[in-house]
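# Reading the structure
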Protein chains: 2
Amino acid sequence: MQKRTLKLKNVVVDGKIVDAFISNGTYARIAPNLADEAEETIDFAGGRALVPAFYNTHTHSAMTILRGYADDLALFDWLNNHIWPVEATLSYDDIYIGARLAMLEMLRSGIVCLNDSYWLPAATARAAAEMGLRGAVGLFRCGSADQTQAGYEAALAYESSLPSRVFYNIAPHSVYTLSPKQLEEIAEEARTTGRAIQVHASETADEVANCRKSYGMTPIQLLEKCGLLDERTVLAHCVHLTPEDIEILARTKAVIAHNPVSNAKLCSGMFDLAGTIAGGCRVTIGTDGCASNNCLSMFDEMKAAALTAKIRTQDPTAGPASLIYDLATRQGALAMGLDAGEIAPGKLADGILLDLSHPILSANYNLVSDLVYAADPSVVTDVLCDGAFVLRNGHVPGEAEILADARRVCARIKAHA
Amino acid sequence: MQKRTLKLKNVVVDGKIVDAFISNGTYARIAPNLADEAEETIDFAGGRALVPAFYNTHTHSAMTILRGYADDLALFDWLNNHIWPVEATLSYDDIYIGARLAMLEMLRSGIVCLNDSYWLPAATARAAAEMGLRGAVGLFRCGSADQTQAGYEAALAYESSLPSRVFYNIAPHSVYTLSPKQLEEIAEEARTTGRAIQVHASETADEVANCRKSYGMTPIQLLEKCGLLDERTVLAHCVHLTPEDIEILARTKAVIAHNPVSNAKLCSGMFDLAGTIAGGCRVTIGTDGCASNNCLSMFDEMKAAALTAKIRTQDPTAGPASLIYDLATRQGALAMGLDAGEIAPGKLADGILLDLSHPILSANYNLVSDLVYAADPSVVTDVLCDGAFVLRNGHVPGEAEILADARRVCARIKAHA
């Protein structure tokens, strides 16, 4: 439950012990020994660092109930023979339960915000609303399935029940599941409704080759032509970009959601982090879904982003920790339209409390390096979103029920596999 | 403290609830409802899986006190201007304290065995002996430093104090810090003392090129010629192997310690997992040291091994979870000369208890996939080594002192940086 005011006493921010006074979901003042009286004050006695939370700009939350269901397979075997058949059996409740399992895991690793694309978005939006996360749930669109239309209508009917921190955007799947005409209609819908767009783009070499063959242009060029690219658009993957694509993304300010683990596991290719940054693109980090990762930890994802940047360039100075950390925090928040991702007055009161007595953080030469290269979710003790605790002492309210529900759904899926 | 007999009641092994009866450091019987009376019996009520522990076949434990000290640098800048100068200031106590910090972290992630190469091996051996781990500490040899000779003599003087589960092997650094004559002397010493060998080999393209230039052969060829390769030899990295090198390693049964994170972070290159396995080589997994990783989690390392195998081959079926898990457990144990790495009667009683109520393990389609692709050390609640608990309910005896000591050493290093 969000308190109107909350004071975190004696937390470490940028190496100094300070108090953080939070008012109406925003950091109001951050300084030593604040006199402000708050509805609730917690004294952390210098044992916790308060750092920005993580913003996960591309995920499919509900797929967490498929973690480990099928791995180490070629992409189309994986999709056609494993993932799509089981997905066709998932109900609203299954998706709600899968999304709750995902959000439990995200909160444990300090992720407070998601950009989710999946069937039956109302189920995922409800989970986010109940569990205190923020961000966008995509009104999912692909070319053929009737299910997406029913899911769309159910989601719109549910929209008035959502808190302001959870909102819909429009999630056209890709240029290979939607026609240019459908993409143009979606662009028009985005303009008239004021919703942002999230879309998969240029994930595989085949996707780009097929798009060129069908339309004489790259997916990025086609998305621009259809009117889908602006500064609120998030494009997942972007593994195969031409120099012109990079120029388009930089010019339109559309945001890349880099998914390094998924790209590696599915052999989609190696994202050009150095080239897109040098070209002026906005880059953020997403976990993708659990079936292709297989976890939702921004720690894993940051390390993979740094290591794959080095592997791709064979330059050990590529993908430095400070850059990667900025992408996972501040740039992610900006991509989601949030004035957040920093612990500073005026910013939304999202944040992570880190256990400074944890073995991983004990050397303490460089906290950002430790978070990018060494940490795992066990360094996170508490998480704040929108000025409220969403993880407290390592626990999320109702987690036993979340896990029991998930085990039940997974046992059913396993029995029918 | 090791009990003579220990019974783990109602643990899940290979999907079934069983009891594991341990006698004198070995799994004696594993079956449901064992009648054996033990000195200590613990009932886990089906809530824990008992799985093999991890065997870390290449590390530099003490470097954990340098975690985050210098990252994202070119190799020789990193070594010459950062790592080597600070290493020159480290005392026996610093190395002992760094090794204890490392072993705390290893135990938390289920690693019970190490193969360590560093200055002043007595300090590291003492830490392993005290903290209950097993494995080899290398009598470190590089070409020039007097320090290695003093460390060598101190280590030999300490040898009679070690328990049988901790032993020395000989750790010549590499072909680029030792002459062929020195390598031959080391091979002779190994033969006369019965000690195994651990050595860095073919880590970088430059190392191979320089070796060819100096000696007209690859490092693997040179090591064979000098008599260092047999089935007890562990070679760290082996990133740059020729087909003939692979044939030599397969024929001599020398073991590769694959270090995927370190190879990626330092841009050493991409190890050929598929090619070495297909060529009949023995492959295991090591974390390398914390300055080039920057953590000691076999979970991180297994995921990196799987992902880099896929990246290198662009084949999503490469580096499957079942293979990677075998390398980190059974193959690692075999490499260290141990009849362990499996939960089975007659095997050494090493093992990990996993919290089956953990969110990461809740989908439960495939435990091995979950451990390789999704898990982090927080799934580990207890660790057994040699029939004794070395981690119990997430904690290691004396961990507060270990952390306080480490913070003190790191603060001193930071003040002088």
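Quick caveat: nothing in here was measured; it's all calculated off a predicted structure.

## A word on the sheet that holds strand 9 (residues 166-172) of chain B
Residue and element names in this part refer to chain B. Taken in spatial order, the four strands make up an open sheet running 6-7-8-9, and their pairing is parallel. Edge positions in the sheet fall to strand 6 (54-59) and strand 9, since each of these pairs with one other strand and no more. The mean inter-strand angle of the sheet, taken between neighbouring strand axes irrespective of direction, is 20 degrees. Here strand 6 runs beside strand 7 (residues 111-117); their pairing, made up of four bridges, is parallel.

## Re the interface of chain B and chain A
Contacts between the two partners involve 61 residues from chain B and, on the opposite side, 61 residues from chain A. Approximately 4,800 Å² of surface area, both sides summed, lies buried where chain B meets chain A, with 60% of it carried by carbon and sulfur atoms. Considering only the surface of chain B that becomes buried against chain A, Arg67, Asp72 and Tyr365 of chain B emerge as the three largest contributors, covering 16% of it. If you look at where chain B meets chain A, you find four salt bridges. Across the pair Asp300 of chain B and Lys303 of chain A runs a salt bridge, and its minimum N-O distance is 2.7 Å. Joining chain B to chain A, the criterion identifies 24 residue pairs in polar contact (both at pLDDT 80 or more). Every element with two or more residues in the side of chain B that touches chain A is listed here: helix 2 (92-108), helix 9 (260-265), helix 11 (298-313), helix 13 (367-374) and helix 14 (399-415) of chain B. If one sorts the elements of the side of chain B that touches chain A by residue count, helix 11 of chain B sits on top with six residues. Counted by class, the side of chain B that touches chain A contains 30 nonpolar, 17 polar and 14 charged residues.

## Points about the pairing of strand 3 (residues 26-31) of chain A
All names here are of chain A. Bridge count between strand 2 (residues 16-23) and strand 3: five bridges; the pairing is antiparallel. Its bridge partner lying in strand 3, Phe21 is registered against Arg29. As consecutive antiparallel partners, strand 2 and strand 3 are separated by two residues, and within that stretch Asn24 has a phi angle of approximately 50 degrees, a positive value.

## Here we look at helix 3 (residues 121-131) of chain B
In terms of burial, helix 3 of chain B is a largely internal element, nine of the eleven residues being buried. Turning to helix 3 of chain B, its buried residues number three or more, namely Pro121, Ala122, Ala123, Thr124, Ala125, Ala127, Ala128, Ala129 and Met131 of chain B.

## Remarks on the relation of the copies chain B and chain A
Once turned by 180 degrees and shifted 0.0 Å along the axis, chain B lies on chain A with an RMSD of 0.0 Å. Such a combination of rotation and displacement between the chain copies is what one expects of a two-fold axis. Comparing interface residues between copies, 100% of those in chain B also lie at the interface in chain A; the contact surface is shared.

## Regarding the environment of Val380 of chain A
All names here are of chain A. Considering the arrangement of structural elements, one finds Val380 in strand 15 (residues 380-385). The spatial distance from the C-alpha of Val380 to the C-alpha of Arg108 is 6.8 Å, given a sequence separation of 272 residues. In this structure, Val380 is in contact with Leu107, Arg108, Ser109, Gly110, Phe299, Ile352, Leu353, Leu354 and Leu391, ignoring residues within four places of it in sequence.

Scoring rules and cut-offs
Residues numbered from 1 in each chain as written. Chains lettered and ligands numbered in written order. Predicted model: local features only at pLDDT ≥ 70, side-chain atom pairs only at ≥ 80, totals over all residues. Heavy atoms only, no water. Pairing = 2+ DSSP bridges. Helix = DSSP H or I, 4+ residues; strand = E, 2+ residues; numbered from the N terminus. Axes fitted to C-alpha atoms, helices over the stretch in contact; angles between N-to-C directions. Contact = heavy atoms within 4.5 Å. Buried area = accessible area lost by both parts, 1.4 Å probe. Salt bridge = Lys/Arg side-chain N within 4 Å of Asp/Glu carboxyl O. Polar contact = N/O pair within 3.5 Å; in protein donor to acceptor, adjacent residues only side chain to side chain. Nonpolar A, V, L, I, M, F, W, Y, C, P; charged D, E, K, R; others polar. Buried < 20%, exposed > 50% of the residue type's maximum accessible area, 1.4 Å probe, protein only. Least-squares fit on C-alpha atoms with pLDDT ≥ 70 in both.

So far we have only geometry, and geometry alone does not tell us how the molecule works.
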